[in-house]
Amino acid sequence: MATLLLLPLLLLLPLLLLKLRLWPQLRWLAADLAFAVRALRCKRALRARALASATADPEGPEGGCSLASRLAQLARQRAAHTFLIHGARRFSYAEADRESNRAARAFLRARGWDGGPGGGAGGTGEGERAAQGARDAAAGSGAAPAAWEGDGAAEAGKAAVPLAPGATVALLLPACPEFLWLWFGLAKAGLRAAFVPTALRRGPLLHCLRSCGARALVLAPEFLESLEPDLLALRAMGLCLWAAGPTTHPAGIGDLLAEASAEVDGPVPGYLSAPQSIMDTCLYIFTSGTTGLPKAARISHLKILQCQGFYQLCGACQEDVIYLALPLYHMSGSLLGIVGCLGIGATVVLKSKFSAGQFWEDCQQHGVTVFQYIGELCRYLVNQPPNKAERGHKVRLAVGSGLRPDTWERFMRRFGPLQVLETYGLTEGNVATFNYTGRPGAVGRASWLYKHVFPFSLIRYDVTTGEPIRDTRGHCVATPPGEPGLLVAPVSQQSPFLGYAGGPELALGKLLKDVFRPGDVFFNTGDLLVCDDQGFLRFHDRTGDTFRWKGENVATTEVAGTLEALDFLQEVNVYGVTVPGHEGRAGMAALVLRPPHSLDLMQLYAHVSENLPPYARPRFLRLQESLATTETFKQQKVRMAKEGFDPSVLSDPLYILDQARGAYLPLTPARYSALLAGDLRI
């Protein structure tokens, strides 16, 4: 009888949910629930791993920091399993552990460690914490540390040691096994690593080394020639210089790998690397520097532990083979790729440089099952001519960020069946999103289940003032579905924001206070996202990239997506440029043609007129052979905007939108002069 009474209610439930606009969200309830369960299991496993490390024998290798203890654990549990493949070289987990032990002992020798419990420079008591606090305060001040003195002040009667506990050693190396052994070795020795982008030289390089307070620099021998003009300044900073291999260059640069090879490969005591707090900084990763000089983001032991769960959250397992062709100085390559692989005990195929032409052959040769991408790598692949290897692969999962919807669909059509799992996150951020449903174009979900595990909010943002919009009480306002909002996440013990090495002014604007209630603190990602009525998150634009023209906000990603629908365009970069005599910034698009097509200006004008509102239509076009990007494949918008649109300065073909004629015309010096004089209306 009760069942009969409930039956009408059950039949009416979908109508009720539809009226309450909950049905679109509940369509994905099963996927949301499955991911939430996976995330909770992952968190539980990581907590257990941290507890095991904290209670392990401090003399044993598993009693160290989160990175050192995990590697030691894998060397015991999966000793013979292949951890790393690089070209013709293969290393098991046991071999990786031994190689990093040698590197650790070479660094410990530079530390003056005497090999005994708490002996030499190995103590980690209050005095060391005070010394580390002084180093943190000095980092970024621009003060050059004196060579082999200062931090780690020796006791009376003893000589000063080169590297004090917790000192920073910068790595300027390509993606190779030696990068990993030195990084792991630094962690085991209780030293901090700083991953320096390999393209930096002169002023930007010196800035990075000063900002993180580096005491030593390890560089690749092949970089020495290009670094020759910097050696005098590096020595003046008091840096110890090592090469990761033999070199014939000037004296004073030791061969660190030779020193490490002479060391024994036995386990290193865990107490040398065990942190006083899991929030302590253990690593510096530099931001991309697309809007200025790079900043040294602090990476804590907690973040290293959390990144061990990355591939588990993505659904990968220990039998997977992961293809990694990203720079290791970037968070995606080192923390997500390498540390994520350690988290599940899988195999990683490491490439020093990405090759679209070689990719599928590599996948077949090594039995790759997971591919980690960033930025334009998938676009490079779909633009390659077809080959046999692309259909016989075993890749089942592509994980990464920055995959545009048009490339996503082409990638799936050509190389599927496989799953694409788009993610979102920042090096210094405390929030991440996962599109575990595979919905093209989305970077994640905003379901209540997901936000219970990884809390965040979207709030209204004023592009003109560059500030969140607040109500009469001074609190921020959440955005409704369909409206772009600034992504913010609450700062807590579980989701901290450590900031950057250097002064607190570097983090200005990164923390928002009194967001929803008095006293709360949120991390400001600086990114605008949109949540649709089904709970899917889509990237809208960087706050600094969105610009105003004719009193309206223009999202560069939306304009680029519209232009990329044209079959003769392969790549598009949209940005705003300042035009004398006009308020705001006018849209400009850098274009790369898809071979063998030519530029069809009539079709392009018709397309933007039909698909974009008048204020969003690009006023200028710049035809290029290839787009300028950073080494992590991010488009160079700021540099392009600074270069402007002066035909007497730029050699690329330029075009201007002539409103009167309703067409894009070549931007000649005469038209440029007419524009500046106000005779040409845009």
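This structure is a prediction, so every number in the text was calculated from the model and none was measured. All residue numbers refer to position in the chain's written sequence, counted from 1. Totals for whole chains, interfaces and linings use every residue, but because this is a predicted model, local features are given only for residues with pLDDT of at least 70 and side-chain atom pairs only at 80 or more, for both listing and counting. By convention in this description, side-chain values take in all heavy atoms of the structure and omit both hydrogens and water.

A.B. asks: Lay out the sheet that holds strand E15 (residues 432-434) with the relevant residues and their values.
C.D. replies: For sheets, the rule is that strands pair by backbone hydrogen bonds, running either parallel or antiparallel. Whether two strands pair comes down to DSSP finding at least two bridges between them. For helices the rule is a DSSP run of H or I covering at least 4 residues; for strands it is a run of E covering at least 2, with both sets numbered from the N terminus onward. If you trace the eight strands from one edge of the open sheet to the other, you get E2-E1-E11-E10-E12-E13-E14-E15, paired in mixed fashion. With one partner strand each, in any of the chains shown, strand E2 (89-92) and E15 form the two edges of the open sheet. Geometrically, the sheet is characterised by an average inter-axis angle of 20° between neighbouring strands, direction not taken into account. Pairing analysis gives three bridges linking strand E14 (residues 419-425) to E15, with the strands arranged antiparallel. Looking at the pairing, Gly425 lines up with Ala432 of E15. Where helix H5 (residues 93-111) meets the sheet, its contacts fall on strand E1 (82-86) and E2, and the angle it forms with E2 comes to roughly 90°. Whether two residues are in contact is decided by their heavy atoms, any of which lying within 4.5 Å being enough. Angular values range over 0 to 180 degrees, each being the angle between N-to-C directions of two axes fitted as lines to C-alpha atoms, with helices fitted over their stretch in contact. In the packing of helix H14 (residues 331-344) onto the sheet, the strands contacted are E1, strand E10 (321-324), strand E11 (347-350) and strand E12 (370-374), and the crossing angle to E10 comes to about 170°.

A.B. asks: Can you explain unusual backbone geometry? Please cite residues and give values.
C.D. replies: In terms of backbone geometry, most residues other than glycine have negative phi values and most peptide bonds are trans. In the segment running from Gly416 into Pro417, the intervening peptide bond is cis, with an omega of 5°. Within the fold, Pro417 resides in the loop between helix H17 (405-415) and E14. Cis geometry is found at the peptide bond from Pro595 to Pro596, where omega equals 0°. Position of Pro596 relative to the elements: it lies in the loop between strand E27 (586-593) and helix H20 (601-611). Here the phi dihedral of Arg202 falls at roughly 50°; this positive angle occurs in a residue that is not glycine.

A.B. asks: So what's going on with the environment of Arg619? Residues and values would help.
C.D. replies: Residue position: Arg619 is located in the loop between H20 and strand E28 (620-623). Classification of Arg619 as buried rests on a relative accessible area of 2%. The spatial distance from the C-alpha of Arg619 to the C-alpha of Leu657 is 4.9 Å, given a sequence separation of 38 residues. Setting aside chain neighbours within four positions, we find Arg619 in contact with Trp549, Lys550, Ala586, Gly587, Pro614, Tyr655, Ile656, Leu657, Gln659, Tyr664 and Ile682. Burial here depends on accessible area, computed with a 1.4 Å probe over protein chains only, as a share of the maximum for the residue type. Under 20% is buried, over 50% is exposed, and the range in between is partly exposed.

A.B. asks: Residues and numbers for the packing of aromatic side chains, please.
C.D. replies: What counts as a ring pair is set by centres within 6.5 Å for rings of Phe, Tyr and Trp (its six-membered ring), and what kind of pair is set by the plane angle: stacked under 30 degrees, edge-to-face over 60, tilted for all other angles. Scanning the model with the defined rule gives 30 aromatic pairs in all. Between Phe107 and Trp242, the ring centres sit 5.7 Å apart and the planes meet at 75°, which makes this aromatic pair edge-to-face. Taken together, the residues span a long stretch of sequence, with Phe107 in helix H5 and Trp242 in strand E6 (residues 240-243) at a distance of 135 residues. For the ring pair Tyr323 and Phe371, a centre distance of 6.5 Å and an interplane angle of 65° mean the geometry is edge-to-face. Separated by 48 residues along the polypeptide, Tyr323 in strand E10 and Phe371 in strand E12 bring together distant segments of the chain.

A.B. asks: So, the side chain of Glu263: which residues are in play, and what are the values?
C.D. replies: For Glu263, the position within the fold is in the loop between helix H11 (256-261) and strand E8 (281-286). Residue Glu263 is classed as buried on the basis of its relative accessible area of 14%.

A.B. asks: An account of the pairing of E11 is needed here, citing residue identities and associated values.
C.D. replies: Across the two faces of E11 the burial is the same, with Thr347 and Val349 and Val348 and Leu350 all buried. Where E1 meets E11, two bridges bridge the pair, whose relative direction is parallel. When the sheet's bridge partners are listed, Leu84 is paired in E11 with Val348. In this structure, E10 lies alongside E11, joined through four bridges in parallel fashion.

A.B. asks: Pulling in residues and values, what's your account of the nonpolar core?
C.D. replies: For this analysis, a nonpolar core means a set of buried residues of the types Ala, Val, Leu, Ile, Met, Phe, Trp, Tyr and Cys, connected via side-chain atoms within 4.5 Å. Of all hydrophobic cores here, the largest spans 161 residues; its most connected members are Phe83, Trp183 and Phe371. In this structure, Trp549, Leu563, Leu591 and Leu621 belong to the second largest nonpolar core, which totals 43 residues.

A.B. asks: So what about the sheet that holds strand E5 (residues 214-219)? Which residues, and what values?
C.D. replies: If you walk across this open sheet you meet the seven strands as E7-E6-E5-E3-E4-E8-E9, and the pairing is mixed. The open sheet has two edge strands with one neighbour each: strand E7 (253-255) and strand E9 (296-300). Across the sheet, the mean angle from the axis of one strand to that of its neighbour is 25°, orientation sign disregarded. Inspection of the sheet shows E8 paired to E9 by five bridges, in the antiparallel sense. When the bridges of E9 are listed, Ile285 appears paired with Ala297. Packing against the sheet, H14 makes contact with strand E4 (192-195), E8 and E9, and its axis sits at approximately 140° to E8.

A.B. asks: How would you explain the packing of helix H4 (residues 66-77) against H5 if you had to name every residue and give the values?
C.D. replies: Put simply, H4 and H5 touch, their axes get as near as 8 Å, and they point 140° apart. Overall, the two elements H4 and H5 adopt an arrangement that is oblique. The element H4 and its partner H5 pack so that their crossing is left-handed. Listed contacts from H5 to Leu71, Ala72, Leu74 and Ala75 of H4 are Tyr93, Ala94, Ala96, Asp97 and Ser100. Geometric relationships in this document are graded by angle, where less than 35 degrees denotes roughly parallel, more than 145 denotes roughly antiparallel, 65 to 115 denotes roughly perpendicular, and other angles denote oblique. Crossings are classed by handedness, with left-handed meaning an anticlockwise turn of the near helix from the far one by less than a right angle and right-handed meaning a clockwise turn.

A.B. asks: Give a description of the packing of H5 against helix H7 (residues 177-188) that names residues and reports values.
C.D. replies: Taken N-terminus to C-terminus, the directions of H5 and H7 make an angle of 60°; their axes are 7 Å apart at the nearest point. Taken together, the axes of H5 and H7 are oblique relative to one another. The chirality of how H5 crosses H7 is right-handed. Contacts from Ala96, Asp97, Glu99, Ser100, Asn101, Ala103, Ala104 and Phe107 in H5 reach Trp181, Leu182, Phe184, Gly185, Leu186 and Lys188 in H7. When grouped by side-chain class, the residues that make up the contact of H5 with H7 number eight nonpolar, three polar and three charged. Each residue is assigned to one class: nonpolar for Ala, Val, Leu, Ile, Met, Phe, Trp, Tyr, Cys and Pro, charged for Asp, Glu, Lys and Arg, and polar for all the others, Gly among them.

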